[in-house]
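# Observations on chain architecture
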Amino acid sequence: MASTPENDDFYLDERGLASYFECSWLSKFRELGNATPLTSASGKIPEDFIDSPFFAKVAGFVFDNTKEFFPAPQNMLEIGPALGRTCHQTLQNFPSITSVTVVEPSKRLLNGFRRLLVEGQITSFPYIHSLREFKSLEVDTRRIADEYRHVDFTLINEPMQSNTITGQFDLVYCLNVIDQVTTPIEIVSAAKACTKRNGILVLACSYQWSKKYLERPQDMVGDINEYFDTSWEQLGETNFEYKFRFNERFSQLFCVHVVLYRKSAL
Ligand SMILES: C[S@@+](CC[C@H](N)C(=O)[O-])C[C@H]1O[C@@H](n2cnc3c(N)ncnc32)[C@H](O)[C@@H]1O
């Protein structure tokens, strides 16, 4: 899902930002009344081709599988949140959450997260116009950020390591990150350590393991359930589609394996 990294951001360039913006946030701005059409070098593109329902589906899956015993989580951590659409959907589902910590090493993505969820403003994000050209869409993020005035956000612009976070959280997400990093085991262990007893950890992976990232090929697993021992109770697992557009009529469609675990109280 990553675009070609450039010097100014280890993870993605403006085109990558465009892909993340349109797959994760375009539908929300349409819902909020922004009707400015996207231009395209190849005729009008149906927006359901661009939108990825992944984020709302994951947040809904977590809510459906936890609401009976997890009525009022207070805080959450997301590792590698990109532009924060899953975080937004989760805050909608769990209004009791008043503290959100994110660990996002990409400056471009974290800056976008801040503009969308923390500092409401009139701003613009790029979108894909053609293979070689992106354009920008002006959006008003104030209605989104205003909803979260009661939320205390901590934004950490670093890669997740075992010592990045010292606290523990009711809900921890790590979605589509571990196959994009040098040390997946360290990230999973850190995510587990950051989950409170009785708390929830949501891990997702499309198994696009790449030697470009991985330090130790033996760290690749074929099933992320292998990371959990009996001190974790599996509450659900599923697969969701994740779409990511590269040019106006070409998207990559990933099949993402999502698992949901509760940490034992003992
Ligand atoms: C494929 S994207 C997934 C983004 C988002 N979670 C989603 O599902 O759309 C991978 C994310 O992991 C982040 N990332 C890469 N290396 C990381 C690391 N060492 N620690 C934390 N996040 C990392 C990237 O910046 C990016 O936001």
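Position labels on residues start from 1 in each chain and follow its written sequence. Local features in this predicted model are restricted to residues of pLDDT 70 or higher, and side-chain atom pairs are both shown and tallied only at a pLDDT of 80 or more, whereas totals for entire chains, interfaces and linings draw on every residue. Where side-chain values are given, they derive from all heavy atoms of the structure, hydrogens and water being excluded.

## Describing the sheet that holds strand β6 (residues 169–175)
Rules: By definition, two strands form a pair when at least two bridges between them are found by DSSP. Each helix is a run of H or I in the DSSP string that is no shorter than four residues. Each strand is a run of E no shorter than two, and both are numbered from the N terminus. Where helices are involved, their axes are fitted lines through C-alpha atoms of the stretch in contact, as for all axes, and angles between N-to-C directions lie from 0 to 180°. The contact rule is simple, with two residues in contact once any of their heavy atoms fall within 4.5 Å.
Strand order in the open sheet made by the seven strands is β5-β2-β1-β6-β7-β9-β8, with mixed pairing throughout. Here the strands that pair on one side only, and so sit at the sheet edges, are β5 (152–156) and β8 (232–247). Strand-to-strand, the axes of this sheet are offset by a mean angle of 15°, without reference to chain direction. Judged from the five bridges that link them, strand β1 (residues 75–79) and strand β2 (residues 99–103) form a sheet pairing that is parallel. Bridged to glutamate 78 within β2 is valine 102. Lying over the sheet, helix α8 (residues 184–193) contacts β1, β6, β7 (195–205), β8 and β9 (250–263), oriented at roughly 150° with respect to β7.

## Considering the pairing of β7
The side chains of a regular strand alternate, first on one face of the sheet and then on the other. Stated precisely, the cut-off is as follows: To sort residues, take the accessible area from a 1.4 Å probe on protein chains only and compare it with the maximum for the residue type: under 20% means buried, over 50% means exposed, and anything in between is partly exposed. Assignment of crossover handedness uses the view with strands pointing away from the viewer, where a clockwise path from the first strand over the helix to the second indicates a right-handed crossover.
Across the 11 residues of β7, eight count as buried, placing the element largely inside the fold. Pairing analysis gives six bridges linking β6 to β7, with the strands arranged parallel. Bridged to valine 172 within β7 is leucine 201. In this fold, β6 hands off to α8, which returns the chain to β7; that crossover is right-handed. When β7 meets β9, the two strands line up antiparallel, connected through six bridges.

## What to know about the pairing of β1
Summarising burial for β1: five of the five residues are buried, a large majority. Residues of β1 alternate between two faces, with Asn75, Leu77 and Ile79 on one and Met76 and Glu78 on the opposite face, all of them buried. With helix α5 (residues 85–93) bridging β1 and its parallel neighbour β2, the resulting β-α-β unit is right-handed. Here four bridges tie β1 to β6, and the two strands are oriented parallel to one another. Among the inter-strand pairings, isoleucine 79 is bridged to a residue of β6, identified as cysteine 174.

## Notes on the pattern of salt bridges
Selection criterion: In what follows, salt bridge is the name for a side-chain nitrogen of Lys or Arg lying within 4 Å of a carboxyl oxygen of Asp or Glu.
By the definition in use, this model includes 11 salt bridges. In this structure, arginine 245 engages glutamate 22 in a salt bridge whose closest nitrogen and oxygen atoms are separated by 2.6 Å. Of this pair, arginine 245 sits in strand β8 while glutamate 22 sits in helix α1 (residues 14–24); the two residues are 223 residues apart in sequence, bridging distant segments of the chain. Overall, the relative accessible area of 2% leaves arginine 245 in the buried class. Arginine 142 is the salt-bridge partner of aspartate 140, the closest N and O atoms lying 2.8 Å from each other. Note on aspartate 140: relative accessible area 32%, which makes it partly exposed. What makes arginine 142 partly exposed here is its relative accessible area of 40%. A cluster of three or more residues bridged by salt bridges with shared partners is formed by Asp8, Glu14 and Arg108.

## As for the nonpolar core
The test is simple: For this analysis, a nonpolar core means a set of buried residues of the types Ala, Val, Leu, Ile, Met, Phe, Trp, Tyr and Cys, connected via side-chain atoms within 4.5 Å.
Core analysis: the largest hydrophobic core is formed by 56 residues, its most contacted members being Leu171 and Val202. For this core, the leading source of residues is helix α4 (residues 54–66), giving six residues. Excluding its chain neighbours within four sequence positions, the residues that come into contact with leucine 171 are Val62, Phe70, Asn75, Met76, Leu77, Thr90, Phe94, Ile97, Ile200 and Val202. Residues Ile79, Cys174, Ile187 and Val188 belong to the second largest nonpolar core, which totals 29 residues.

## What about the environment of phenylalanine 125?
Locating phenylalanine 125 in the fold gives a position in strand β3 (residues 122–128). In this structure phenylalanine 125 comes out as buried when scored by relative accessible area, which is 0%. Counting along the chain gives 10 residues from phenylalanine 125 to lysine 135, while the straight-line C-alpha distance between them is 8.3 Å. The residues touching phenylalanine 125, leaving out its near neighbours within four places in the chain, are Phe21, Leu83, Gly112, Arg115, Leu116, Lys135, Ser136, Leu137 and Val139.

As far as function goes, none of this settles anything; it's purely spatial.
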